[in-house]
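Examination of the molecular architecture
Here's the letter readout for the chains.
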Amino acid sequence: MAAPSLMESLFQRSLEDLIKSMRLTPPSTLPDFISKSIDEIRREIKSTDPLTKSTALQKLTYLHSLHGVDMSWAAFHSIELSSSPAHSHKRIAYLSASLSFDPFTTDVILLLTHQLRKDLTSSNVHDVGIALSTLSSIANTDLSRDLTPELFNLLASGKFLVRKKATACVLRVFEQYPDAVRVCFKRVVENLECNDVGVLSATVGLFCELTVKEPRSYLPLAPEFYKVLVECRNNWVLIKILKIFSLLCPLEPRLGRRVVEPICEHLERSGAKSLVFECVRTIVASLSGHESAVKLAVGKIREFLLDDDANLKYLGLHALTIVAEKHLWAVMENKEVIVKALSDIDVNIKLEALRLVMSIVTEDNVAEICRILISHALKSDPEFCNEILGFILLTSSRNFYEIIFDFDWYVSFLGEIARIPHCQKGKEIEDQLVDIGMRVKDARSELVHVARDLLIDPALLGNPFIHKVLSAAAWVSGEYVELSRNPFELMEALLQPRTSLLPPSVRVVYVQSTFKVLAFCLHSYLSLDRKDTPPSTESTDYQVSSDVVASCSLPNTKMDGKIAVIAPDLTSAASSMASHLTRKSMMDLVQLVESNLGPLAFSDEVEVQERANNVLGLIKFVKSNLHGSLDQLEGDKMNGELEALEMIKLTVDTFSEELGPVSVNAQDRVPVPGGLQLKENLSDLESILSDFKLPISTSFSLVKPCLTEKDALSIPECQNKDETESSTESTSLLAEHRKRHGLYYLGSYDKEMITGVYPPANEPTLDSTDETEGLLKLAEQSIVTKKKPNQSKPRPVVVKLDDGEGTNDTSERPEFKNDRISGAVQEVLLGNEAVPSTSRSKSSDKSSKRRESTEFVVGIPGSRNMTTKIDVTEPVLAGSRRQKDHIHGEDRKDQSSMKEKEHDQQSEQKKGRRLGKHKSRQRAEVAVNMEAKSPVIPDFLL
């Protein structure tokens, strides 16, 4: 395409014209307008006129910034325009390069090296400034290496504006080319003594960024930092210096004793809130061992808390959260403000106040604080309600439930949390219910009771946030079914009609738990001694009692080598329960399972289908033994029952195997079988199967009812009255559903149960009290009383693993890792700046042969008597290969002449000196390494 004509250049639209036209363009036609503008820019940017090219590039940069138009195709044009002598054109070119060049993918970026070097050495301050800004944005390894000498000179420029920008650019150069530290670092340190505030601010900001990565390398610079802390009066510089000292003080205790006094002076003197807060944060985070400083900081924190500005109040609460880890008395002094902040309008303030409240939780007051916070959650909006629940669950489970003494209370509390209307913490509750079941054996009885209350509430099935909790409840009910008061009632809850609302992943757990409960009931029935059973028992219909444990009828039954667990308060009911496990009752139970799981045998979900078929297969195996025909001989009937008993016993023994917590690193220790491709990408299946939608089964097929209602037996007098009252409310939920769906339930024989009131769904049974007064009392008690409460029973044992699990100690500070910049800084500060890290690492290899000459001396332009050694594996300047050959040629001539003259004199002494030199070299290397590992701060701290 030909270049634009003179007429096209004269009538070229400016950036202002482009913006006005875009504003007048309807939104629907805006893409077409932008496309036409790009075509116009493509023609204009090829012009040889710098003004036309700069205008086109300016418009393209605008479209790239605001509308995301790709301008990578114009990279060469940006480099071409940067050579223009006009500063306005150069500024547009460098701006487009900064916004569009990718340091690692733009191929033409190296063509900008010469122009950047030319502008960095220019006498025009503005040209130098835009070149430095561009370098800091697009610098890669090659640009950083080639432009390091120019950057070294600019760090000592007499123009403070240039020196400030050069200091800011150094960080990017250090990151891309760490060997530049050995050239520029000393001049960067010298700028800490500069009188110009801009240069000092840039230098301190540079060290603040470097110290975050590895603070130990910068300990030798503590005297220079201390001088800035004492003498500087610029708030921004002081804030950065305080950030540096907050990282250095934990590494050197003597440093904290030296800087605490000037920090307290700034804290008392300054009226700037930003500086005051940074002083407070430094004291409470890194100088918490100095009591007087902490008290002064807490006083300033209280001023923040009482301020009307929401930002300052939040900062005060945040600082108080930090100091509360080691000084809980600070929370006590401000307890009224903290509790009041729980009702603040600002969400961030409420969250910080909530963290402070949870910081005072101990095993003495955990139950009371949780109760008050739940009452507050019921009055809050759904978002903050879930934040409260999340903090409660996280704090209670910290370090394997170290603050939980009464696990029966905590398990019941988890069940109450699940019933809160806006609860969305189903996953967290699920994890803790299963975790407590595996770790705390003494809590399993109460855990099964809580799981039963959750399962029989049909209203919970319609809440998708609670499905995970129901999954855990179903798993607990099946895993520890021997602790259940009524397995038959569990079976009804697991098979109720509304389980069709559950997702397949949860429904799978329901079916598997049904398998476990059915196997347990069949094992209990077939293990009975039928000879001791009265003849009339065969015709006695099974009658349900919600407080009788089916397993109690088998006090001597062996399960997994141990006697079956029997609830202590229900042992007396064991003899009466034996008369209720009849063939009729078991046939009713089997038919209930078969009629409800039958449709699932053809489910579209593979796992649901397979587990349902497993249950139906077990029923098919034992059903023939339960149908006792009249003409069947007694011996054949007994043989069939023994065969079924053996099969059921094997199944129960499999399910009775004790499950324990598994190490989080267990999977890593499993070897990968040969030929198994674990990294196979299956994401393509989503696009292949996107058009195929599986039908969702939402209802069961209709089956004729086969159960009749009978009169209920009276509940034994030996049962606990409290348990009967607690189970009446939850059992009445099933009574209402028996009216509507009698087809899917066992026969109900308790007429009083049918007339029960159907309670509203998701109604938590929690007392609403004045949480403000309660929290104030508890906060005061948590400070005064430190002894453990007198409990009637010892704390249950919480199972822990020997490996793979550790305490979640949030007080530990992160360990900083060494990087190449920190290693170079250590060598410079210890006087070893002449040895690059690459050559230094090579020389430490004892097994390698003597290396070839890999170093040469490069003089830094504009400096006297200053040289540095740079690895030739990465050339520094253009034409360095010829310089290297020239230097090496002269060295070879000198060395050959010297060797001829001294050969005779040294030949006899070389053998005797070789061993001594080798040992002395080793001692010198060890001394240098020991010095590098232990940086010492001079007399500054003495």
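None of the values given here were measured: they were computed from a predicted structure.

**Overview of the overall build of the protein**
When its secondary structure is counted, the protein shows 41 helices and 4 strands. A total of 942 residues make up the protein; the buried ones form 47% of that total. If you take every contact in the protein between residues at least 6 apart in sequence, the share linking residues at least 24 apart comes to 73%. Surface exposure of the protein reaches about 49,500 Å², of which carbon and sulfur atoms provide 53%.

**Remarks on unusual backbone geometry**
Peptide bonds are trans in most cases, and residues, glycine excluded, mostly fall at negative phi. Within the chain, F400 stands out as a residue other than glycine whose phi angle is a positive 60 degrees. Tracing the chain through its elements places F400 in the loop between helix 24 (382–396) and helix 25 (407–418). Phi is positive for Y401, which is not a glycine, with a value near 60 degrees. Its place among the elements puts Y401 in the loop between helix 24 and helix 25. By relative accessible area, which is 3% here, Y401 ends up buried.

**Focus: the packing of helix 11 (residues 160–176) against helix 13 (residues 197–213)**
Viewed as axis vectors pointing N to C, helix 11 and helix 13 meet at an angle of 10 degrees, and their least axial separation amounts to 8 Å. Here helix 11 is positioned roughly parallel relative to helix 13, judged by the angle of their axes. For the pair helix 11 and helix 13, the crossing hand works out as left-handed. Within the contact between the two elements, helix 11 uses F160, R163, K164, T167, V170, L171 and E175 and helix 13 uses G198, V199, A202, T203, L206, E209, L210 and K213. When the residues that make up the contact of helix 11 with helix 13 are grouped by side-chain class, the tally is 7 nonpolar, 3 polar and 5 charged.

**Considerations on the pattern of salt bridges**
Throughout the structure, instances matching the rule amount to 30 salt bridges. Between D653 and K649 there is a salt bridge; the shortest N-O distance is 3.0 Å. Of this pair, D653 and K649 are both found in helix 34 (residues 634–655), 4 residues apart, which corresponds to roughly one turn of the helix. Each of R13, E40, E44 and K59 takes part in one network of salt bridges that share partners.

**A closer look at the nonpolar core**
Among soluble globular proteins, nonpolar side chains are generally buried collectively. Within the largest apolar cluster, 201 residues are counted, with the highest numbers of intra-cluster contacts made by F185, F207 and L518. At 14 residues, the largest contribution of residues to this core is made by helix 30 (residues 504–526). In this structure, L518 is in contact with M491, L589, V590, V593, V615, L618 and I619, ignoring residues within four places of it in sequence.

**Some details on the environment of L393**
Take L393: it is sitting in helix 24. Assessed through its relative accessible area of 2%, L393 is described here as buried. If we skip the residues at most four places from it in the chain, L393 touches Y410, L414, I417, K425, E428, I429 and Q432.

**Thoughts on the packing of aromatic side chains**
The geometry of an aromatic ring pair is captured by two quantities: the separation of the ring centres and the angle between the planes. Applying the stated criterion across every chain, the model contains 10 aromatic pairs. Between F207 and Y218 the ring centres are 6.3 Å apart and the planes differ by 80 degrees, which places this aromatic pair in the edge-to-face class. Linking F207 in helix 13 with Y218 in the loop between helix 13 and helix 14 (222–231), this pair joins segments that are 11 residues apart in sequence. What makes F207 buried here is its relative accessible area of 0%. Using a relative accessible area of 0% as the deciding quantity, one classes Y218 as buried. Where F207 meets F225, the ring centres are 5.5 Å apart and the plane angle is 70 degrees; that geometry is what we call edge-to-face. Residue F207 is found in helix 13, and its partner F225 is found in helix 14; the two are separated by 18 residues along the sequence. You'll find F207 and F225 in the same group, each marked buried.

**Digging into the side chain of T395**
With respect to the secondary-structure elements, T395 resides in helix 24. The buried category is assigned to T395, whose relative accessible area is 8%. In terms of polar contacts, T395 uses its side chain to reach the backbone carbonyl oxygen of F391, at 2.8 Å. If sequence neighbours within four positions are ignored, T395 has contacts with M358, V361 and I403.

**Focus: the confidence of the model for the protein**
Residues with a pLDDT of 70 or more make up 65% of the protein, whose mean pLDDT is 74. Taken together, the stretch residues 694–727 has pLDDT below 50 and engages in 57 contacts with residues farther than four places along the chain or on a different chain. Note that pLDDT drops below 50 for residues 741–745; the model gives that stretch 20 contacts with residues more than four away or on any other chain.

**Let's talk about helix 19 (residues 310–323)**
The terminal C-alpha atoms of helix 19 lie 20 Å apart, and with 14 residues this matches the ideal 20 Å at 1.5 Å per residue to within 8%. Two or three places before N311, at the start of helix 19, stands the capping residue D309, its side-chain oxygen 3.1 Å from that residue's backbone nitrogen.

**Brief notes about the packing of helix 22 (residues 347–359) against helix 24**
One way to put it is that helix 22 packs onto helix 24 with a least axis distance of 11 Å and a crossing angle of 25 degrees. As judged from the angle between their axes, helix 22 and helix 24 are roughly parallel. The handedness of the crossing between helix 22 and helix 24 comes out as right-handed. Only F384, E387, I388, F391, I392 and T395 of helix 24 make contact with helix 22, whose side of the interface consists of K350, L351, L354, R355 and M358. Per-class residue counts for the contact of helix 22 with helix 24 are 7 nonpolar, 1 polar and 3 charged.

**Regarding the state of the cysteines**
For the coordinates displayed, the defined rule picks out 0 disulfides. For the unlinked cysteine C423, the closest cysteine sulfur is that of C385, found at 7.3 Å.

**What to know about the environment of T651**
Mapped onto the elements of the fold, T651 is located in helix 34. Spatially, the C-alpha atoms of T651 and A519 are 6.9 Å apart, while their sequence positions differ by 132 residues. Excluding residues within four positions of it along the chain, T651 makes contact with F515 and A519.

**Let's talk about helix 6 (residues 87–100)**
In this model, helix 6 (14 residues) spans 20 Å end to end at C-alpha, consistent with the 20 Å of a helix rising 1.5 Å per residue. The complete set of buried residues in helix 6 reads H89, K90, I92, A93, Y94, S96, A97 and S100. Buried residues belonging to helix 6 abut helix 4 (50–67), helix 5 (75–82), helix 7 (113–120) and helix 8 (125–138).

Rules behind the numbers
Residues numbered from 1 in each chain as written. Predicted model: local features only at pLDDT ≥ 70, side-chain atom pairs only at ≥ 80, totals over all residues. Heavy atoms only, no water. Helix = DSSP H or I, 4+ residues; strand = E, 2+ residues; numbered from the N terminus. Buried < 20%, exposed > 50% of the residue type's maximum accessible area, 1.4 Å probe, protein only. Contact = heavy atoms within 4.5 Å. Areas by Shrake-Rupley, 256 points an atom, 1.4 Å probe, with all protein chains shown as cover. Axes fitted to C-alpha atoms, helices over the stretch in contact; angles between N-to-C directions. Parallel < 35°, antiparallel > 145°, perpendicular 65-115°, else oblique. Left-handed = near helix turned anticlockwise from the far one by under 90°. Nonpolar A, V, L, I, M, F, W, Y, C, P; charged D, E, K, R; others polar. Salt bridge = Lys/Arg side-chain N within 4 Å of Asp/Glu carboxyl O. Core = buried A, V, L, I, M, F, W, Y, C linked by side-chain atoms within 4.5 Å. Phe/Tyr/Trp six-rings, centres within 6.5 Å; stacked < 30°, edge-to-face > 60°. Polar contact = N/O pair within 3.5 Å; in protein donor to acceptor, adjacent residues only side chain to side chain. pLDDT = per-residue confidence, 0-100. Expected span 1.5 Å × (residues − 1). Disulfide = S-S within 2.5 Å.

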